[in-house]
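Inside the fold
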Amino acid sequence: MTRRQRRALERFFRRELLPLSAREEIWRREEAQEPAPSYWVVRDRGPLRRADFELRLDDSDAIAETLDGFWRGGPLEGLGRRFVALSPRFRDTRLDAEVSAFVYEMF
Amino acid sequence: MNARPCWVVGISAFYHDAAAAILRDGEIVAAAQEERFSRRKHDPRFPANALNYCLEEAQIEADELAAVVFYESPVLMLDRILRAVAGAGEKGIGPWLDGAPGWLGVKLFFERSVRQELGADVPVLYSEHHVSHAASAFYPSPYDEAAILTIDGVGEWATTTLATGDAEGIRVLDEIRFPDSLGLLYSAFTQYCGFKVNSGEYKLMGLAPYGKPIYADRIREHVIDLRPDGSFRLDMSYFGYLDSLSMTSERFHRLFGGPPRTPESRISRREMDLAASIQAVLEDAVLRIARHLRQRTGMRHLCMAGGVALNCVATGRLLREGIFDGIWVQPAAGDAGGALGAACAVSHQYFGLPRTPAPPGRDRQHGSYLGPAFSNAEVRAFLDVRDYPYEEVSDEERAQRVASTLAEGKIVGYLVGRSEFGPRSLGARSILGDPRDPATQAVMNLKIKFRESFRPFAPSILRERCSDWFELDADSPYMLVVAPVRESRRIPFERGESDDMLAIVNRPRSSVPAITHVDYSARIQTVDAAVKPDFHAVLRAFEEKTGVPLVVNTSFNVRGEPIVCSPEDAYTCFMRTDMDVLVLENCILRKEEQPKFEEDRDWQQEYELD
């Protein structure tokens, strides 16, 4: 990673992500004070539909639009276009590195 | 006139074990992991080689594809990642700087990669990670309807999913979400015991029978809140994977008596007991989930996938408990299998194709022999051009020769037919040995595989003889079920309190010591003549010569190397190790007849230890 790329990521982290850390809804895990009888999250939405397999991610504009649509009304609202705007700087990134042997990488 | 076939390609990539699979009208045609071609273990890159192989095997051009489907949703994945990074506050900067470039340069632009590789404008679809796992478990299974359980580290948000599958498709019911994860819990103990995350989990499972589960109560009391219905919650103060570069936290280390074991250092009693303890907790959780799922769905059969489904000790216990009438586990249960599952989900649920009936008594996975094969002409061409001495024999003669060689206590590398899809070698890319010899386990571990001496080997046995030797009278074609060796075959054995694992390993435990683990268990492959006739013939010939219908079967590779794919890979591995004989289709090569094998580099530096 070049110094310029690193600076861009640090800037994005501080401007866009760090301020979100204080917002309760950023993290979906609700810390229960007492053990619950069950931790299953019910997700019964019926059989899968064709739309469940469709995402518009064919180019930068479509990706930004899809992300912003998904995040509309939530704590990440508007972040899609700003995140994707970083992508031209990383166009030459190669995914050569193995995943870490020391931690289950969130990425 | 026939309607145009519906070709669907599934792809998994960008995390680990990239793979491609291709289906014709919902029927599996081919599937392969990229690592088998690139020779890079767990290769995460876009699987260009595997994709090309799939198109070649299908004999189609890219523009004939109805769709390419990615095995997870980048949108949901990014949602989880950005929330986790933001939620970690200042500590999120490290993971962010490590991971963001990959997303911004590669992962968000999957469609660009597809267009570049295929040179065609093919529709691209996406299947959620656990839907892909669920589809990989249900659609190739022999069942018309089944409950489905997927458990892994994490997909997008889900880490454990309950679902059903029937003629109407897959229906997701309930899930447990990140960061609560049985896969990550097991990986945390894997790392703490000095093994690598994502590959060392198998070692931890193999280590468990050497220990006692003395920490199990401590894990249940402090680390995981496991409810009667199998749902669970982790106390994240014991873990580091949300905001550090370690799976475990200082609090975890204090709870279990010190810092993590240094990789490759001596394994102590503590690691053995920790392995036994987390294995006990995992089995407990899996059994509770299975009971809940049976009650929730009322279905008689269970299909499983996700990395945790590869824990064949837990699966074997689940089978023996009889919670379900039948269990089918996707042999490529990890992320590679997600490619297959994504293609299945889209074929059946997006394009609405009906499932083809399974052959009577069998599944739709074709023995998982879904990778490349090499003809005798191709093998001869490879050997002739290099002047490597060999003898070409008939199928029958090959089986006899292999059996005789094994009966002499020698080790055979065996490459016959299409290669396996999934992490287990099933007699297409295998190293074979004599299970009767007490020294086989140590010799194969230390001189052939160059891996830890404690690691057990698995038997391949004639299906029709399985219950004579093991407490299992069911198909286990994919080596995914662990069952005890029959009492009548056992030799009284005291494990003792010793920490000297080599001494324990070398003590015979049965009349087939090389495949009998210290707790008398074995990870069994049953071999059916209708599915893998050449390998069945080897086992039958070995039985005729020795009275024993099973052989040692381990993957054809050395530690850290992907399983061999081509005759060249196999020859190289053969010459680098102490194998005695190599079988390449109908060509047999003897080590003593081969020219000196010279390499201009130290091959042991080539592969990073797993």
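The numbers attached to residues start from 1 for each chain and follow its sequence in the written order. Labels follow written order: the first chain is A, the first ligand is 1, and so on. Thresholds applied to this predicted model are a pLDDT of at least 70 for local features of residues and 80 or more for the giving and counting of side-chain atom pairs; totals over whole chains, interfaces and linings are not thresholded and use all residues.

**Considerations on the overall build of chain A**
How we decide: Here a strand is any run of E in DSSP of at least two residues, a helix any run of H or I of at least four, and the numbering for each starts at the N terminus. Three classes are used. A residue is buried when 20 or more other C-beta atoms lie within 10 Å of its own, exposed when 12 or fewer do, and partly exposed in between, with C-beta atoms placed from the backbone. Once C-beta atoms are placed from the backbone, any two residues with those atoms within 7 Å are in contact.
When helices and strands are counted, chain A shows 3 helices and 1 strand. Written out in order from the N terminus, the α and β elements of chain A read α-β-α-α. Counting only residues that meet the buried cut, chain A has 21% of its 107 residues in that class. Long-range contacts, defined here as pairs at least 24 residues apart, represent 38% of the contacts in chain A between residues at least 6 apart.

**Some thoughts on the overall build of chain B**
Here is the rule we go by: What the globule rule says is 2.2 Å times the number of residues to the power 0.38, and the radius of gyration is computed from C-alpha atoms.
Regarding its fold elements, chain B presents 20 helices and 21 strands. Over its C-alpha atoms chain B spans a radius of gyration of 23 Å, differing by no more than 12% from the 25 Å that the globule rule assigns to 610 residues. Its C-alpha atoms give chain B principal-axis dimensions of about 70 × 65 × 55 Å. Burial statistics for chain B: of 610 residues in total, 60% are counted as buried.

**A short note on the sheet that holds strand 17 (residues 481-484) of chain B**
The pairing of strands in a sheet happens through backbone hydrogen bonds and is either parallel or antiparallel. Residue and element names in this part refer to chain B. Defined as follows: Pairs of strands are assigned from DSSP output, requiring at least two bridges between the strands. Here, axes are lines fitted to C-alpha atoms. For helices the fit covers the stretch in contact, and angles between N-to-C directions go from 0 to 180 degrees.
With respect to topology, 9 strands assemble into an open sheet ordered 13-21-20-14-15-19-16-18-17, the strand pairing being mixed. Two strands bound the open sheet, and with one partner strand each, they are strand 13 (391-392) and strand 17. Sheet strands touched by helix 15 (residues 395-407): strand 14 (412-415), strand 15 (429-433), strand 19 (550-555), strand 20 (581-584) and strand 21 (587-590). Its angle to strand 14, the strand with the most contacts, is close to 155°.

**Looking at the nonpolar core**
Stated formally: A set of buried Ala, Val, Leu, Ile, Met, Phe, Trp, Tyr and Cys residues, joined to one another through C-beta atoms within 7 Å, is what we call a nonpolar core.
Of all hydrophobic cores here, the largest spans 232 residues; its most connected members are Ala21, Val69, Ala339 and Ala343 of chain B. When residues in this core are grouped by element, the largest group, 13 residues, is from helix 11 (residues 269-297) of chain B.

**Concerning the interface of chain B and chain A**
The condition is simple: Classification used: nonpolar for Ala, Val, Leu, Ile, Met, Phe, Trp, Tyr, Cys and Pro, charged for Asp, Glu, Lys and Arg, polar for all others including Gly.
Across the contact, 73 residues belong to chain B and 54 residues belong to chain A. For the side of chain B that touches chain A, the elements supplying multiple residues, two or more each, are helix 3 (74-87), helix 4 (93-105), helix 5 (110-118), strand 5 (124-126), strand 8 (169-177), helix 7 (182-192), strand 10 (232-234) and helix 13 (335-350) of chain B. Residue composition of the side of chain B that touches chain A, grouped by class: 39 nonpolar, 18 polar and 16 charged. Where strand 1 (residues 41-42) of chain A and strand 8 of chain B come together, 2 bridges link them in antiparallel fashion. In the strand pairing of strand 8 of chain B, Val42 of chain A is matched with Asp174 of chain B.

**Remarks on the confidence of the model for chain B**
Here is the rule we go by: Confidence per residue, as judged by the predictor, is encoded in pLDDT with a range of 0 to 100.
For chain B, per-residue confidence averages 93 on the pLDDT scale, and residues scoring 70 or more make up 99% of the total. Across the interfaces of the predicted complex, the ipTM metric reaches 0.92, alongside a pTM of 0.94.

**A look at the packing of helix 7 of chain B against helix 11 of chain B**
Residue and element names in this part refer to chain B. In plain terms, the rule: To sort the angles, those under 35 degrees are grouped as roughly parallel, those over 145 as roughly antiparallel, those from 65 to 115 as roughly perpendicular, and the leftovers as oblique.
The N-to-C vectors of helix 7 and helix 11 enclose an angle of 175°; their axes lie 10 Å apart at closest approach. In terms of orientation, helix 7 and helix 11 fall into the roughly antiparallel class. From helix 7, Leu182, Tyr186, Phe189 and Tyr192 reach across to helix 11, where they touch Leu274, Ile278, Leu282 and Ala285. Residue composition of the contact of helix 7 with helix 11, grouped by class: 8 nonpolar, no polar and no charged.

**Quick look at the sheet that holds strand 1 (residues 7-12) of chain B**
Residue and element names in this part refer to chain B. Taken together, 5 strands build an open sheet; the order of strands is 3-2-1-4-5 and the sheet is mixed. Of all strands in the sheet, those with a lone pairing partner are strand 3 (27-33) and strand 5, marking the two edges. The mean inter-strand angle of the sheet, taken between neighbouring strand axes irrespective of direction, is 20°. Bridging between strand 4 (residues 65-70) and strand 5 involves 3 bridges; their strand directions are parallel. In the strand pairing of strand 5, Val68 is matched with Val124. Relative to strand 1, helix 13 is tilted by about 145°, and along the sheet it contacts strand 1, strand 2 (19-24), strand 3, strand 4 and strand 5.

**Section: the pairing of strand 14 of chain B**
Residue and element names in this part refer to chain B. Both faces of strand 14 are covered, namely the face carrying Val412 and Tyr414 and the face carrying Gly413 and Leu415. Pairing of strand 14 with strand 15 involves 4 bridges; the strand directions are antiparallel. Residue pairing across strands places Val412 opposite Leu432, the latter belonging to strand 15. Sheet topology note: the strand 14/strand 20 ladder contains 4 bridges and is parallel. Bridge pairing in strand 20 links Val412 to Val581.

**Digging into the packing of helix 1 (residues 3-17) of chain A against helix 4 of chain B**
Note the cut-off: Crossing handedness is read from the near helix: turned anticlockwise from the far helix by less than a right angle, it gives a left-handed crossing, and turned clockwise, a right-handed one.
Packing of helix 1 of chain A against helix 4 of chain B leaves a shortest axis separation of 10 Å and a crossing angle of 125°. Considering their axes alone, helix 1 of chain A and helix 4 of chain B lie oblique with respect to each other. For the crossing formed where helix 1 of chain A meets helix 4 of chain B, the hand is right-handed. Every residue of helix 4 of chain B that contacts helix 1 of chain A at Gln5, Arg6, Leu9 and Phe13 of chain A is listed here: Ile93, Trp96, Leu97, Ala100 and Pro101 of chain B. Tallied by class, residues from the contact of helix 1 of chain A with helix 4 of chain B come to 7 nonpolar, 1 polar and 1 charged.

**Some points on unusual backbone geometry**
All names here are of chain B. Cis rather than trans, the peptide bond between Phe178 and Pro179 has omega equal to 10°. With respect to the helices and strands, the residue Pro179 is situated in the loop between strand 8 and helix 7. Although it is not a glycine, His366 sits at a positive phi angle of roughly 55°. With respect to the secondary-structure elements, His366 resides in the loop between helix 13 and helix 14 (376-386). Even without a glycine there, the phi angle at Glu585 is positive, about 50°. Structurally, Glu585 is set in the loop between strand 20 and strand 21. You can call Glu585 buried: it has 21 C-beta atoms within 10 Å.

**Quick look at the environment of Ala188 of chain B**
Residue and element names in this part refer to chain B. Looking at where Ala188 falls in the secondary structure, it is placed in helix 7. In this structure, the C-alpha to C-alpha distance between Ala188 and Ser246, residues 58 residues apart in sequence, is 8.5 Å. Setting aside its immediate chain neighbours within four residues, Ala188 contacts Phe239, Met247 and Thr248.

**Looking at helix 2 (residues 48-58) of chain B**
Residue and element names in this part refer to chain B. Among all positions in helix 2, only Asn49, Ala50, Leu51, Tyr53 and Cys54 are buried. As for helix 2, its buried residues are in contact with strand 1, strand 2, strand 3, helix 1 (35-38) and helix 5. The first or second residue beyond helix 2 is Gln59, which carries a positive phi of 55°.

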